[in-house]
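Below are the chains, spelled out letter by letter.
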Amino acid sequence: MPNERSYETACKRSDEIRADLPLHPESYTMLTGDRPTGRLHLGHYFGTLKGRVELQDLGVKTNVLIADYQVITDRDTTEHIQDNVYNLVIDYLACGIDPAKTMIYAHSAVPAANQLMLPFLSLVSEAELQRNPTVKAEMEASGHELTGLLLTYPVHQACDILFCKGNVVPVGRDQLPHIELTRLIARKFNNRYGKVFPEVDALLSDTPLLPGLDGRKMSKSYGNAISLSMTPEETAKRIKKSQTDGERMITFDPEGRPGVSGLLSTAAICSGRSEAEIAEEIGMGGSGALKAFVTEAVNTYLEPIRARRQEIEQDMDYVKDVLNEGNRRANEIAEATLCEVREAMGMVY
């Protein structure tokens, strides 16, 4: 797929959108989402959740997808999926996503959105799908064979974005190929059948990737993440168990001292201070003092989110109502878009 927009161009466009968002929030429809494969953690919060709430509060039309069908792109089971879905909704609400302003819905509950796969698949070649680096990365990370669903995963994402006429998608640099493919699909459809879909742009995150407690990528499977749903005691225990090194003097050196630096990054983002400043303050206090500092910073930061979470957990009927209402709204939008698509294609009988 020809990459008409280099990373630099995508950054420039993203900066223009970011500057325009507070001035014309009503011009933007944002879609983002998560796969329900486990609990959301601090990396998710600072990477995406916080930004979603900011966009919602600016007045952007915000849509949050629970991508339950995408769980089976690289997994052979849907065990715990219902529990994971409900916990995602609880996390969203606890972090400040307001269901009156943001549509929260599940993939599998919106058949009309998934039906867009059929016309969209006719607009992309197998080579374009094979070239998508994210698909390759997903396959390698999971060690799973390339299923038809995994191969067409970027087209599925295009359906998610375009069914609600999304025109901005908050992503990291690694997700840019998905946005390119979505733009290609929208453009090809519009050229072939008449204009139905908007141009889609990436809203690139300016938040640096928060490493896990051991300096590696923060991941549920590495056990190096602090979930939003953990208690203060579980948080303290996880931080205490994290690997550092034998050097007493605390310094920030991501390459040479990943464990120590991962802890410093976590403390920095939660306390609003720099890693170097915290390292200097702890100095010869060693890893014990560092871990105590990180635990305090994380637990203080998460306290209001956790309090809200506990409150919401007590009312599962409300959680289910939020999802049902989001699904209802998503179906309404998807049906309307599918009608437009059928009309454009001359398939109204």
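Residues numbered from 1 in each chain as written. Predicted model: local features only at pLDDT ≥ 70, side-chain atom pairs only at ≥ 80, totals over all residues. Heavy atoms only, no water.

The next subject is the overall build of the protein. Per the secondary structure count, the protein includes 15 helices and five strands. By the compact-globule yardstick of 20 Å for 349 residues, the protein fits well, its C-alpha radius of gyration being 21 Å. Dimensions along the principal axes, computed over C-alpha positions, put the protein at roughly 75 × 45 × 45 Å. (Helix = DSSP H or I, 4+ residues; strand = E, 2+ residues; numbered from the N terminus. Rg over C-alpha atoms; globule rule 2.2 N^0.38 Å.)

A few words now on the nonpolar core. Among the nonpolar cores identified, the biggest contains 48 residues, and Leu42, Tyr92 and Ile104 are the most heavily contacted of them. When contributions to this core are tallied by element, the ones reaching two or more residues are helix H2 (42–58), strand S2 (61–66), helix H3 (81–95), helix H12 (258–271), helix H13 (275–282), helix H14 (286–313) and helix H15 (316–344). Of all the elements, H3 adds the most residues to this core, at nine residues. The residues contacting Tyr92, other than those within four sequence positions of it, are Asp34, Leu40, Leu49, Arg52, Val64, Leu65, Ile66, Ile97 and Ile104. Counting residues in hydrophobic clusters, the runner-up holds 40 residues, among them Ala10, Ala113, Phe197 and Ala330. (Core = buried A, V, L, I, M, F, W, Y, C linked by side-chain atoms within 4.5 Å. Buried < 20%, exposed > 50% of the residue type's maximum accessible area, 1.4 Å probe, protein only. Contact = heavy atoms within 4.5 Å.)

Another aspect to go through is unusual backbone geometry. The phi dihedral of His80 is positive, around 70 degrees, even though this residue is not glycine. Here His80 lies in the loop between S2 and H3. His80 sits in the exposed class, given a relative accessible area of 53%. Positioned with a positive phi, Lys165 is a non-glycine residue whose angle comes to about 60 degrees. Mapped onto the secondary structure, Lys165 falls in the loop between helix H9 (153–163) and strand S4 (168–171). Accessibility expressed as a relative area gives 25% for Lys165, which makes it partly exposed.

Applying the stated criterion across every chain yields a total of 23 salt bridges. Glu54 is the salt-bridge partner of Lys50, the closest N and O atoms lying 3.5 Å from each other. Of this pair, Lys50 and Glu54 both sit in helix H2, four residues apart, which is roughly one turn of that helix. Given the relative accessible area of 32%, Lys50 is considered partly exposed. Where Lys165 meets Glu340, a salt bridge forms, and the shortest distance between an N and an O atom there is 3.0 Å. (Salt bridge = Lys/Arg side-chain N within 4 Å of Asp/Glu carboxyl O.)

As defined by bridge partners, S4 adjoins strand S5 (residues 201–204) across four bridges and the pair is classed as parallel. Directly across from Val171, in S5, lies its bridge partner Leu204. (Pairing = 2+ DSSP bridges.)

The next subject is H13. Along an α-helix, residues three or four apart share an orientation, since each turn contains 3.6 residues. The set of residues buried in H13 consists of Ile278, Ala279 and Ile282. Each buried residue of H13 lies within a common arc of 100 degrees when the element is viewed along its axis, so the set occupies one face. In this structure, the buried residues of H13 make contact with H12 and H14. Positive phi appears at Gly283, one or two residues downstream of H13, with a value of about 50 degrees. (Arc of directions from axis to C-beta.)

Quick look at the packing of H2 against H14 now. Two measures define how a pair of helices packs: the angle their axes make with one another and the distance between the axes. Contact pair H2 / H14: the axes reach a minimum separation of 13 Å and the direction vectors enclose 55 degrees. Taken together, H2 and H14 sit at an angle that is classed as oblique. When you trace H2 past H14, the crossing you get is left-handed. Across the interface between the two elements, Leu42, Tyr45, Phe46 and Lys50 of H2 pack against Val298, Tyr301, Leu302 and Ile305 of H14. Looking at side-chain class alone, the contact of H2 with H14 contains seven nonpolar, no polar and one charged residues. (Axes fitted to C-alpha atoms, helices over the stretch in contact; angles between N-to-C directions. Parallel < 35°, antiparallel > 145°, perpendicular 65-115°, else oblique. Left-handed = near helix turned anticlockwise from the far one by under 90°. Nonpolar A, V, L, I, M, F, W, Y, C, P; charged D, E, K, R; others polar.)

Counted residue by residue, strand S3 (residues 102–106) has five buried out of five residues, so it is predominantly covered. In S3, alternate side chains face the same way, and those of Thr102, Ile104 and Ala106 on one face and Met103 and Tyr105 on the other are all buried. Where S2 lies against S3, five bridges are found, and the strand directions are parallel. From the neighbouring strand, Ile66 faces S3, where its bridge partner is Ala106.

Time to look at the packing of aromatic side chains. What describes a pair of aromatic rings is the distance from one ring centre to the other and the angle between the planes of the rings. According to the stated counting rule, one finds eight aromatic pairs in the structure shown. An aromatic cluster is built from Phe120, Phe189, Tyr193 and Phe197, whose rings are joined through pairwise contacts. We note Arg216 situated over the ring of Tyr222; from NZ or CZ to the ring centre the distance is 3.9 Å. (Phe/Tyr/Trp six-rings, centres within 6.5 Å; stacked < 30°, edge-to-face > 60°. Lys NZ or Arg CZ within 6 Å of the ring centre and 35° of its normal.)

Moving on: the side chain of Gln70. Within the secondary structure, Gln70 is located in the loop between S2 and H3. Given the relative accessible area of 3%, Gln70 is considered buried. Apart from residues no more than four positions distant in its own chain, Gln70 is found in contact with Arg35, His107, Tyr153, His156, Gln157 and Asp160.

A few words now on the environment of Asp160. Mapped onto the fold, Asp160 is located in helix H9. Of the residues examined, Asp160 reaches a relative accessible area of 5% and is grouped as buried. For the pair formed by Asp160 and Ser287, sequence separation is 127 residues and the distance between their alpha carbons is 45 Å. When neighbours within four sequence positions are excluded, Asp160 is seen to be in contact with Leu31, Leu65, Gln70, Tyr105 and His107.

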